[in-house]
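Tertiary structure, described
Given next are the chains, with one letter for each unit.
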Amino acid sequence: AQTVTQSQPEMSVQEAETVTLSCTYDTSESDYYLFWYKQPPSRQMILVIRQEAYKQQNATENRFSVNFQKAAKSFSLKISDSQLGDAAMYFCAYRRTYSGGGADGLTFGKGTHLIIQP
Amino acid sequence: KAGVTQTPRYLIKTRGQQVTLSCSPISGHRSVSWYQQTPGQGLQFLFEYFSETQRNKGNFPGRFSGRQFSNSRSEMNVSTLELGDSALYLCASSLSSAGGTEAFFGQGTRLTVV
């Protein structure tokens, strides 16, 4: 079974600084996607960024970027110029895909609580 | 465009009862997935429906079931409730069931079993 591990239960960063959240995963599959989701106090999960395993180029979305190391099975999230609105739980997730177009459900890590210090 | 709507938002049930939760996906989305979130186990996948067919199922007992209607709305049912079923139940909708498709989540239904 696939597992996703987030080793940092909580991280704190000063506003405007850069922070990196860690994620490792374990799979024997070659076709999959990786995601970072944000869950603010409202509890509504929001997609931050996604990465297809076949793509070597790291995904970037504005201030958010990933460092995808496929061989090491590592998928870290870097948040640049941290803002107060970035404070939330961040979940790393894995989703196995199939050649027929289907996919498994998301497998989530336990999450990292990100605190932004003003 | 309206987001994913889950009803009710909060629910209190007694052990042994059954409960039905509802999820209305974003218009045009045909895939609906359900997740259970608890402090101990975290987020766990329950099942996914696409065009009224269950495509995937997580590792949950048969007491957990679901269905999807022709308008893509979905319901999940938990029978013979146990205290451990207390959780936030999240519904997510997507355009398709393809792996990279963005899942849009609702705000969840908070179920408390007493």
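In what follows, the accompanying structure is described. (Residues numbered from 1 in each chain as written. Chains lettered and ligands numbered in written order. Predicted model: local features only at pLDDT ≥ 70, side-chain atom pairs only at ≥ 80, totals over all residues. Heavy atoms only, no water.)

Here we look at the interface of chain A and chain B
Let me state the cut-off plainly: The contact rule is simple, with two residues in contact once any of their heavy atoms fall within 4.5 Å. Buried area: the accessible surface (1.4 Å probe) lost by two parts on joining, summed over both. Think of a salt bridge as a Lys or Arg side-chain nitrogen and an Asp or Glu carboxyl oxygen that are within 4 Å of each other. Each polar contact in these results corresponds to two N or O atoms within 3.5 Å; when the atoms are within protein, one needs to be able to donate a hydrogen and the other to accept it, and residues that are neighboring in sequence are counted only if both atoms are side-chain atoms.
Across the contact, 21 residues belong to chain A and 23 residues belong to chain B. Buried surface at the junction of chain A and chain B, summed over both partners, amounts to about 1,800 Å²; 46% is from carbon and sulfur atoms. When the area that chain A buries against chain B is broken down by residue, the three leading residues are A:Arg43, A:Gln44 and A:Arg95, summing to 25%. Taken together, chain A and chain B are joined by 2 salt bridges. Notably, a salt bridge pairs B:Glu48 with A:Arg95, separated by 3.6 Å at the nearest N-O pair. Applying the counting criterion to the chain A and chain B interface returns 9 residue pairs in polar contact (both at pLDDT 80 or more).

With respect to the pairing of strand β11 (residues 109–113) of chain B
Residues and elements named next belong to chain B. Selection rule: Type-normalised accessible area, obtained with a 1.4 Å probe on protein chains alone, sets the label of each residue: buried when under 20%, exposed when over 50%, and partly exposed for intermediate values. A run of DSSP states H or I qualifies as a helix once it reaches four residues; a run of E qualifies as a strand once it reaches two. Both are numbered from the N-terminal end. Strands were regarded as paired on the criterion that DSSP finds at least two bridges between them.
In β11, alternate side chains face the same way, and those of Thr109, Leu111 and Val113 are buried while those of Arg110 and Thr112 on the opposite face are not. Both strand β2 (residues 10–13) and β11 contribute to a ladder of 4 bridges, which runs parallel. Within β11, the position partnered with Ile12 by the bridge is Thr112. Pairing of strand β9 (residues 87–94) with β11 involves 3 bridges; the strand directions are antiparallel. Each bridged residue has a counterpart across the sheet, and for Tyr89 the counterpart in β11 is Thr109.

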